[in-house]
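These are the residues of each chain, in order.
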Amino acid sequence: MFHILSPLRGVLKSSATSVRIDNTVFRLHYRVTVTGLVAASLLITARQYFGEPINCLEKEGIPPTVLDTYCWLHGTYSSEAAWRKAVGREVAYPGVDRGDRRGFEGEGQTSSSRTYHGYYQWVWAVLALQALFFYLPHYLWKSLEGGLTRNLTLDLGKAILKEEEKAEQLHLLTEYLHRAKRMGLHRRLPTGYLICELLNCLNVVLQAVAIDQVLGGRFLGYGLAVLQNSMSTSSSPSSWPMAYDPMLRVFPRVSKCEYFQFGSSGEVESLDTICLLPVNIFNEKVFLLLWYWLLMLAVLSVASLLYTLITAIILPAFRIALHRLTTYRGEGEKKVVDGQFCSTGFGIGDTFVLALLEKNLNPLHYHDLLICLEEEKECTAELCKEKVV
């Protein structure tokens, strides 16, 4: 099984040389979530690990393989009335009734009393499509950022660097930041990042709604219903708890299928058979975990969006205070931070770039960068070397 998922292992790894251009919550979307969705999609299609996705009982000489293929293509159904009947006395299994329907109307059950299940044909595709949408905001932000952070980091991400090289690179970086400040090159970056975080929030909500539509309106309350059922079952266990299991309502393990054929007299005959759906044992767990994951991701994404909105746009003073806390290392550091933010007149876009550099530069080198930026004029290589060496 692990050889199927081996190509995904590198996605979760964070190389020491990789550049971070976003926050942890952002990475949960395009790394953890995308990897989990693709892994689930691959495992669902790997029949050798879970057996056949559907197995139907032989009926009146019709080969089981024919029934399996027919019922997989055209879907199975559950009886709504059977969910409220006693298992073992009135019905053989939750959602499976003895009602027989000859023709489309008339005797037995009607089509309105049935819930048809055809979504299991598309689960792998839905998960793969979700992975694509979860990666899209990262792709947009990466395109907007354009490798700027990687180019500005130079070798200053290394802990050990020759003093001459460090002074020269600090000079180049300081000169660029001052020129970019005057030209306003970074003004659009915070807005672009904020839009991508907003897309992350909207994507989580829209994905939950889309899954709810695919599963017949049973997903939005799925995780809460399973939790409530588990608590009620543990407090007052019944003789057949599966009859009340919400997972069976959404992902039935046993259902029925109606097969039509021509009889010997030329009339259309309707035969119904019971089908086992082993694939739903995996599906119900995947979507239960997905429900809780989307809920957690939605909360974290909204919090991250608000944090970015406050620190990057609404309250610049709050951003300065946070920056001071992360860089303060001595009595003279307060002056350095005040000078870097106030004396040089850096705007929102410039401080946003500095926040990105803080994630990727060695802390000591970043401290020296702030010392160089303290000067309102552009630092020369000699001045940088004089102040930081």
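Scroll up for the structure.
Residues numbered from 1 in each chain as written. Predicted model: local features only at pLDDT ≥ 70, side-chain atom pairs only at ≥ 80, totals over all residues. Heavy atoms only, no water.

Engineer: I'd like to hear about the nonpolar core, residue by residue, with values.
Structural biologist: Counting 42 residues, the largest nonpolar core has Ile54, Leu127, Leu215, Phe219, Tyr222, Phe287 and Leu294 as the members making the most contacts within it. The dominant element in this core, judged by the number of residues it contributes, is helix α12 (residues 279-314), at nine residues. With residues near it in sequence (within four places) discarded, Ile54 still touches Asp68, Cys71, Trp72, Thr76, Tyr120, Cys275, Leu276, Leu277 and Pro278. Counting residues in hydrophobic clusters, the runner-up holds 26 residues, among them Leu156, Leu189, Leu370 and Leu373. (Core = buried A, V, L, I, M, F, W, Y, C linked by side-chain atoms within 4.5 Å. Buried < 20%, exposed > 50% of the residue type's maximum accessible area, 1.4 Å probe, protein only. Helix = DSSP H or I, 4+ residues; strand = E, 2+ residues; numbered from the N terminus. Contact = heavy atoms within 4.5 Å.)

Engineer: Kindly report on unusual backbone geometry, identifying the contributing residues and their values.
Structural biologist: Phi at Leu154 is positive, roughly 55 degrees, even though this residue is not glycine. Residue classification places Leu154 among the partly exposed positions, given a relative accessible area of 40%.

Engineer: Quick rundown of the pattern of salt bridges? Include the residues and the values.
Structural biologist: For the structure on display, the rule yields eleven salt bridges. Residue Lys85 is joined to Asp97 by a salt bridge in which the shortest nitrogen-to-oxygen separation is 2.9 Å. On the criterion of sequence distance, the pair formed by Lys85 in the loop between β2 (76-79) and β3 (114-117) and Asp97 in the loop between β2 and β3 is long-range, its members being twelve residues apart. Ionic pairing is found between Arg253 and Glu284, a salt bridge with its closest N-O pair at 2.8 Å. One end of the pair, Arg253, is in the loop between α11 (246-250) and β4 (254-262); the other, Glu284, is in helix α12, and 31 residues separate them in sequence. By relative accessible area, which is 0% here, Glu284 ends up buried. Taken together, the shared-partner salt bridges connect Glu80, Arg218 and Arg249 into one network. (Salt bridge = Lys/Arg side-chain N within 4 Å of Asp/Glu carboxyl O.)

Engineer: Can you explain the side chain of Gln207? Please cite residues and give values.
Structural biologist: With respect to the element layout, Gln207 can be found in helix α9 (residues 189-214). What Gln207 contacts, discounting residues up to four positions off in sequence, is Gln130, Phe133 and Phe134.

Engineer: Tell me about helix α3 (residues 24-45), and name the residues and values.
Structural biologist: Taking 1.5 Å of rise per residue, 22 residues should cover 32 Å, and α3 covers 31 Å from first to last C-alpha, within 8% of that figure. Along α3, the helix axis deviates most sharply at Thr33, where the bend reaches about 30 degrees. The element α3 is largely enclosed, with a buried count of 16 among its 22 residues. Sitting at the amino-terminal end of α3 is Asn23, which places a side-chain oxygen 3.3 Å from the backbone nitrogen of Val25. (Expected span 1.5 Å × (residues − 1). Bend = angle between axes of the 7 residues up to and from the residue. Polar contact = N/O pair within 3.5 Å; in protein donor to acceptor, adjacent residues only side chain to side chain.)

Engineer: Go over α9, please, and point to the residues and values.
Structural biologist: Since the α-helix advances by 3.6 residues per turn, residues separated by three or four positions end up pointing in the same direction. Here α9 is 26 residues long and its end C-alpha atoms lie 37 Å apart, about the 38 Å a rise of 1.5 Å per residue gives. Phi turns positive one or two residues past the end of α9, at Gly216, with a value near 70 degrees.

Engineer: Please give an account of the packing of aromatic side chains that cites residues and values.
Structural biologist: Counting across every chain of the model gives 15 aromatic pairs. Grouped by ring-pair contacts, the aromatic residues Trp72, Tyr119, Tyr120, Phe219, Tyr222, Phe251 and Phe287 constitute a single cluster. (Phe/Tyr/Trp six-rings, centres within 6.5 Å; stacked < 30°, edge-to-face > 60°.)

Engineer: Account for the packing of helix α6 (residues 123-145) against α12, naming residues and giving values.
Structural biologist: Two numbers describe how α6 lies on α12: the axes approach to 13 Å, and their chain directions differ by 20 degrees. As the angle between them shows, α6 and α12 are arranged roughly parallel. As for the relative orientation of α6 and α12, their crossing is left-handed in sense. In this structure, α6 contributes Val123, Leu127, Gln130 and Phe134 to the contact, and α12 contributes Asn283, Val286, Phe287, Leu290, Leu294 and Leu297. (Axes fitted to C-alpha atoms, helices over the stretch in contact; angles between N-to-C directions. Parallel < 35°, antiparallel > 145°, perpendicular 65-115°, else oblique. Left-handed = near helix turned anticlockwise from the far one by under 90°.)

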